[in-house]
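Survey of secondary and tertiary structure
Listed here are the chains, written in short residue letters.
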Amino acid sequence: MNLANYRSKKRKSNASGGNTDGEVVRVRTPRKDNGEVLATVSSLLGANRVRLQCMDGVVRMGRIPGSKKKRMWVREGDIVIATPWEIQDEKADVIWKYTRPQVNWLEKKGFLK
């Protein structure tokens, strides 16, 4: 096997790790049986805390868990999936962040009002 041919057939990846054309292949939706809700990040509070305006009408303080802290960079206006705490309903964990093409798909399918 010629090593030069092997290198030329190697896949090139972009910096974001996803597809570049904006095509939505699969979108994760909130699982109602787990109590997940869609939310919009209204403000950043610091120390991995955010203020969330949830789709069920409740304003919650969201926490980004340590396992997702470095992987998920959240800004104001982002659409996320939050899991409210069982003990305190005014607090929630942020478990998923949507990209712009995924948000467009959610709006088209009627998940966002």
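Below you will find a few notes about this structure. This structure is a prediction, so every number in the text was calculated from the model and none was measured. (Residues numbered from 1 in each chain as written. Predicted model: local features only at pLDDT ≥ 70, side-chain atom pairs only at ≥ 80, totals over all residues. Heavy atoms only, no water.)

**Details of the nonpolar core**
- Counting residues in hydrophobic clusters, the biggest one holds 13 residues, and the most contacted among them are Leu52 and Val94.
- For this core, the secondary structure elements donating two or more residues are strand E1 (37-46), strand E2 (49-54), strand E4 (79-84) and strand E5 (91-97).
- Core analysis: the second largest hydrophobic core is formed by eight residues, Val27, Leu38, Ile81 and Val103 among them. (Core = buried A, V, L, I, M, F, W, Y, C linked by side-chain atoms within 4.5 Å. Buried < 20%, exposed > 50% of the residue type's maximum accessible area, 1.4 Å probe, protein only. Helix = DSSP H or I, 4+ residues; strand = E, 2+ residues; numbered from the N terminus.)

**As for the pattern of salt bridges**
- In total, this model carries five salt bridges according to the counting rule given.
- Salt-bridge contacts for glutamate 36 lead to arginine 28; the nearest nitrogen and oxygen are separated by 3.0 Å.
- A salt bridge links lysine 97 to aspartate 78, with the nearest nitrogen and oxygen atoms 3.8 Å apart. In this pair, lysine 97 sits in strand E5 while aspartate 78 sits in the loop between strand E3 (59-63) and E4, placing the two residues 19 residues apart along the sequence.
- Take lysine 97: its relative accessible area is 28%, and that puts it in the partly exposed class. (Salt bridge = Lys/Arg side-chain N within 4 Å of Asp/Glu carboxyl O.)

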